[in-house]
Number of protein chains: 2
Amino acid sequence: MAGYANKTPEELRMEAEKLLARFNNLRQENLKLDISRGKPSAAQLDLVSDILTVLTDKSECIVNGTDSRNYGELAGLPCARAYWADVLGCKPSQTFVGGNASLTLMYDLIARGYSHGLKDSPRPWCKEEKIKFLCPSPGYDRHFRITESFGFELITVPMTPDGPDMDMVEELVKDAAVKGIWCVPKFSNPQGYTYSEETVDRFANLKPAAPDFVIMWDNAYCVHEFEGEFQPFRDIIALCAEAGRPNMIYEFASTSKITYPGAGISVLATSEENIAYWLKLVGAQTISYDKVNQLRHVRYLQNKEHTLQLMKKHSTIMGPKFEMVLKMLRGELTNKGIAHWHHPQGGYFVCVAAMPGTAKRTLELCQKLGVTFTPAGATYPYGVDPQDSMIRIAPSLPPIKELQLAMEAFCVSLKLAALEKHLGISFDI
Amino acid sequence: MAGYANKTPEELRMEAEKLLARFNNLRQENLKLDISRGKPSAAQLDLVSDILTVLTDKSECIVNGTDSRNYGELAGLPCARAYWADVLGCKPSQTFVGGNASLTLMYDLIARGYSHGLKDSPRPWCKEEKIKFLCPSPGYDRHFRITESFGFELITVPMTPDGPDMDMVEELVKDAAVKGIWCVPKFSNPQGYTYSEETVDRFANLKPAAPDFVIMWDNAYCVHEFEGEFQPFRDIIALCAEAGRPNMIYEFASTSKITYPGAGISVLATSEENIAYWLKLVGAQTISYDKVNQLRHVRYLQNKEHTLQLMKKHSTIMGPKFEMVLKMLRGELTNKGIAHWHHPQGGYFVCVAAMPGTAKRTLELCQKLGVTFTPAGATYPYGVDPQDSMIRIAPSLPPIKELQLAMEAFCVSLKLAALEKHLGISFDI
């Protein structure tokens, strides 16, 4: 089938009529679906119920002489640090195990940079005239929101299938006001791209003008394949050390999408020098994080190998949902010149690049059908997609039947929005 | 027995000889005791082991339609908010349930004041020329450390048996640079004083010049009697609202000394307006706190009444330890004019006011006997007790036999330090 651009207005109007009929049929369904956030489904949560009974007796709360129930061990239980070192491929001494959210660790790191300065800061960031932060986009709205909330200037860096545009990154970091960059190196949010070997090398070898420049390396989907075998990743902390800037890197991960999103454990991994400095800062904020939950997780997840076995089970639930989403996109939108997307092997999202100027309208039409998406623009700094094109689909939460209806609503809406653009009209719906 | 001040040098030297003999006997014991921090004992932790099995099935994780395992409910599970409202005597809508540490909530509140400003701040505190904070002393070192870490000027306000010196507080808050005050209103850390009705009224009726002045009302020991019946306390949030400054008050509490110190839940309670503002700030920092642990606590603790029953059990372990400490202080130190102290009914500490200029030396001697205390001065801003007098005793952790030895070491050391002072010499020990 030829692209919309090659069709006559008459052909486009005929196409529109068919789509409007489908739209009205869908409206009869009175849908109420939400595929806006990357929430695991109840079936995934049910997979890990054994974690609720892995610590049931007081004697089990004591590990190598340390009572996980009492105060202490600010950096985390040694066994929890060892667990994360195994998963991330770094050293236990390079890890700090936090509470239930890696997002909080990221926020707190930026907040301490702002109020106190980081390890190599000449002064706290709040004393700088201007702070800029690089935001590869489309990206994760909650990342951008953190740096926006501190009043930093957010600079958009385009994403490519190999990762952020590194020519641009290398150029921008020559500005000493640029203090950091947000990264999701594996199965990026939202496109599902994995940074290429070259991109990772160029990150490790960055020579930013700011001595306290931070790479916020959010390895949120480090073991989150939903298709195919586990894809190993390199130890970015070692790479940065080899390149001579060990304190530039902060890696983050959590069990939010391994066990429970609200009740997991998180990690910050960085150079030992940074860990020592961080412990001084965080020592004013808390006595220790929840070590009972750390121990629960170590007993349950055991190690990387065992965690990967659990992730295989997650993939049996996640895989078919993504397969369905991608199949519908192919079936409905291929070769029309109105949308393209990447087929990811892991992560939590599919990102559709709709025809410029049609993303908002597409989601507006979806909303009329009762289907809620992440707001258009959310994946860009300040919530503004200059092309009005990117739409993030989060297939994980709804059951597959509902997902199919949501995707039909999406494809019909996207095509109608594209037809409006081509015809220069607005359908009265 | 007459006080040391009324004795002749000869009598003092005879007293010293006896004490030096006891000191040397104690030294033979090769003690290694730590009564420096208010850590619950293993016996107390063992009291609450049933909390480990209160949630063992996935179906139990769902409460009133909300799945505690998944993202959401930023302000905390409604049942957890209701629990804290019951304990504190405020409204559920005035509560925010956090993670495992109320200290983190306090730190984060101050940190947000610094970086973003609080609800009624004209500007973020980091943009002010100078910030001052009131520190009733002796007080809690971790409180003071938070405000010190942000570079605020700490102003010492003397404590009295009725609470902070309110004449002084009312005077100091006329300075708009004074942005807040640290309070432990019930069983204060370290003296165990409970603020009088008048003190509480005067707090509620404070009219600080700074529109964003905060009372940091750390109700850490709100249900922590170890002797006698539960002592009710008034709802400070309602009192501040009645007095016309509803946004001035932030109350904190946690289950750290009810269930597990490392793995409990915490609460911030304040006006609804403040809660709404706080949710906007904290929404950038996290998606939600650990609701599985919140639910575990609600199922286990149930309500205030049931919590008080548990606290009775804690008191059967804590009570005898405090009784022993107070008995030894009475037996060894009464009527010598070298120390005085308050007999608290709850909390975690006994605070001994030694003869001015002898606290450091007392603890130095204790250290020689292998007994570690909270460093002298720690209960004052910047860790400096201008009188070198206050010593905090934390009897909760060691078994009672060890505690008895530690207290003997303490009393002997304190008396030797006083004798040195009176005689103007240093014993060669």
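Before reading further, recall that the structure is shown in the block above.
Treat the numbers as computed from the prediction; the structure is a model and nothing was measured.

Asker: How should I be thinking about the pattern of salt bridges in this particular structure?
Answerer: Side-chain pairing between opposite charges can occur once the charged atoms of the two side chains come close. Residues and elements named next belong to chain A. This model, assessed by the stated rule, comprises 49 salt bridges over all chains. Between Lys179 and Asp212 there is a salt bridge whose closest N-O contact spans 2.7 Å. Of this pair, Lys179 sits in strand E8 (residues 178-183) while Asp212 sits in the loop between helix H7 (197-204) and strand E9 (214-218), placing them 33 residues apart in sequence. When sorted by exposure, Lys179 lands in the same class as Asp212, which is buried. Taken together, the shared-partner salt bridges in this structure form one network comprising Arg22, Glu332, Glu408 and Lys415.

Asker: Explain the sheet that holds strand E13 (residues 350-354) of chain B here, please?
Answerer: Adjacent strands of a sheet pair through backbone hydrogen bonds, lying either parallel or antiparallel. Residues and elements named next belong to chain B. Read from one edge to the other, the open sheet built from three strands follows the order E12-E13-E15, with strand pairing classed as antiparallel. A strand with exactly one partner marks an edge of an open sheet, and here the two such strands are strand E12 (339-341) and strand E15 (390-393). With direction set aside, neighbouring strand axes in the sheet form an average angle of 25 degrees. When E12 meets E13, the two strands line up antiparallel, connected through three bridges. By the bridge assignment, Ala339 is partnered in E13 with Ala354. On the sheet, helix H13 (residues 400-423) packs against E12, E13 and E15 and is oriented at approximately 170 degrees with respect to E15.

Asker: I tried to follow the relation of the copies chain B and chain A on my own but got confused; where do I start?
Answerer: Each of the two chain copies goes to the other by way of a rotation about an axis and a shift along it. In screw terms, the move from chain B to chain A is a rotation of 180 degrees and a rise of 0.0 Å along the axis, fitting with an RMSD of 0.0 Å. What the superposition gives is, in effect, a two-fold axis relating one chain to the other. Residue by residue, 100% of the interface of chain B is reproduced at the interface of chain A, so both copies engage with the same surface.

Asker: Help me understand the pairing of strand E10 (residues 249-254) of chain A, please; the structure alone is not making it clear to me.
Answerer: Moving residue by residue along a regular strand, the side chains alternate between the two faces of the sheet. All names here are of chain A. Counting buried residues along E10, six of its six residues qualify, which places the element largely inside the surrounding structure. Of the two faces of E10, the one lined by Ile249, Glu251 and Ala253 and the one lined by Tyr250, Phe252 and Ser254 are each fully buried. Inspection of the sheet shows E9 paired to E10 by four bridges, in the parallel sense. Residue pairing across strands places Ile215 opposite Ile249, the latter belonging to E10. At this point the chain moves from E9, through helix H8 (residues 236-242), to the parallel E10, and the crossover so formed is right-handed. Sheet topology places E10 next to strand E11 (residues 266-269); four bridges connect them, and they run antiparallel. What sits directly across from Glu251, in E11, is Ala269.

Asker: Would you mind showing me how to read the environment of Val223 of chain A here?
Answerer: Considering the arrangement of structural elements, one finds Val223 of chain A in the loop between E9 and H8. Placed 36 residues apart in sequence, Val223 of chain A and Thr259 of chain A show a C-alpha to C-alpha distance of 12 Å.

Asker: Before we go on, may I ask you to explain the sheet that holds E8 of chain A in this structure?
Answerer: Residues and elements named next belong to chain A. Spatially, the eight strands line up as an open sheet ordered E4-E11-E10-E9-E8-E5-E6-E7, and their pairing is mixed. Strands with a single pairing partner mark the edges of an open sheet, and in this sheet they are strand E4 (95-97) and strand E7 (163-164). Pairing of E8 with E9 involves four bridges; the strand directions are parallel. Looking across to E9, one finds that Trp182 is bridged to Met216.

Asker: Just to check I follow, could you spell out the side chain of Asn100 of chain A for this structure?
Answerer: Secondary-structure assignment places Asn100 of chain A in the loop between E4 and helix H4 (102-115). At 2.9 Å, the side chain of Asn100 of chain A forms a polar contact with the backbone oxygen of Gly262 of chain A. A distance of 2.9 Å separates the side chain of Asn100 of chain A from the backbone oxygen of Ser288 of chain B, its partner in a polar contact. Once residues within four sequence positions are removed from consideration, Asn100 of chain A is found in contact with Ser256, Pro261, Gly262, Ala263 and Gly264 of chain A together with Ser288, Tyr289 and Asp290 of chain B.

Asker: In this structure, what is going on with the packing of aromatic side chains? I would like to understand it.
Answerer: Any aromatic ring pair is given by two values, namely how distant the centres are and how the planes are angled relative to each other. All chains considered together, the criterion is met by 34 aromatic pairs over all chains. Relative to Trp278 of chain B, the ring of Phe96 of chain B lies with its centre 5.9 Å away and its plane at 85 degrees, an arrangement referred to as edge-to-face. Residue Phe96 of chain B is found in strand E4 (residues 95-97), and its partner Trp278 of chain B is found in helix H9 (residues 272-282); the two are separated by 182 residues along the sequence. In this pair, the class of Phe96 of chain B matches that of Trp278 of chain B, namely buried. Between Tyr107 of chain B and Phe150 of chain B, the ring centres sit 5.3 Å apart and the planes meet at 50 degrees, which makes this aromatic pair tilted. On the criterion of sequence distance, the pair formed by Tyr107 of chain B in helix H4 (residues 102-115) and Phe150 of chain B in the loop between helix H5 (141-149) and strand E6 (153-160) is long-range, its members being 43 residues apart. When sorted by exposure, Tyr107 of chain B lands in the same class as Phe150 of chain B, which is buried. The side chain of Lys257 of chain A reaches across the aromatic face of Tyr348 of chain A, ending 5.3 Å from its centre.

Asker: What am I meant to see in helix H10 (residues 291-301) of chain A here?
Answerer: Helical geometry: 3.6 residues make up each α-helical turn, so side chains three or four residues apart lie on a common side. Residues and elements named next belong to chain A. Along H10, ten of the eleven residues are buried, which leaves the element largely enclosed by surrounding structure. Those residues of H10 that sit buried are Lys291, Val292, Asn293, Gln294, Leu295, Arg296, His297, Val298, Tyr300 and Leu301. Two or three places before Val292, at the start of H10, stands the capping residue Asp290, its side-chain oxygen 3.1 Å from that residue's backbone nitrogen. Gln302, located one to two residues past H10, shows a positive phi value of around 65 degrees.

Asker: Is there a simple way to think about the packing of helix H3 (residues 78-88) of chain A against H10 of chain A in this case?
Answerer: Between two packed helices, both the angle of their axes relative to each other and the distance between the axes serve to describe the pair. Residues and elements named next belong to chain A. The geometry of H3 relative to H10 is characterised by a closest axis approach of 9 Å and an angle of 50 degrees between their N-to-C directions. By the angle between their directions, the pair H3 and H10 is classed as oblique. Where H3 crosses over H10, the handedness of that crossing is left-handed. Seen from H3, the contacting residues are Cys79, Ala80 and Tyr83; seen from H10, they are Gln294, Leu295, Val298 and Leu301. Along the lines of polarity and charge, the residues of the contact of H3 with H10 split into six nonpolar, one polar and no charged.

About the criteria used
Residues numbered from 1 in each chain as written. Chains lettered and ligands numbered in written order. Predicted model: local features only at pLDDT ≥ 70, side-chain atom pairs only at ≥ 80, totals over all residues. Heavy atoms only, no water. Salt bridge = Lys/Arg side-chain N within 4 Å of Asp/Glu carboxyl O. Helix = DSSP H or I, 4+ residues; strand = E, 2+ residues; numbered from the N terminus. Buried < 20%, exposed > 50% of the residue type's maximum accessible area, 1.4 Å probe, protein only. Pairing = 2+ DSSP bridges. Axes fitted to C-alpha atoms, helices over the stretch in contact; angles between N-to-C directions. Contact = heavy atoms within 4.5 Å. Least-squares fit on C-alpha atoms with pLDDT ≥ 70 in both. Right-handed = clockwise from strand over helix to strand, strands pointing away. Polar contact = N/O pair within 3.5 Å; in protein donor to acceptor, adjacent residues only side chain to side chain. Phe/Tyr/Trp six-rings, centres within 6.5 Å; stacked < 30°, edge-to-face > 60°. Lys NZ or Arg CZ within 6 Å of the ring centre and 35° of its normal. Parallel < 35°, antiparallel > 145°, perpendicular 65-115°, else oblique. Left-handed = near helix turned anticlockwise from the far one by under 90°. Nonpolar A, V, L, I, M, F, W, Y, C, P; charged D, E, K, R; others polar.

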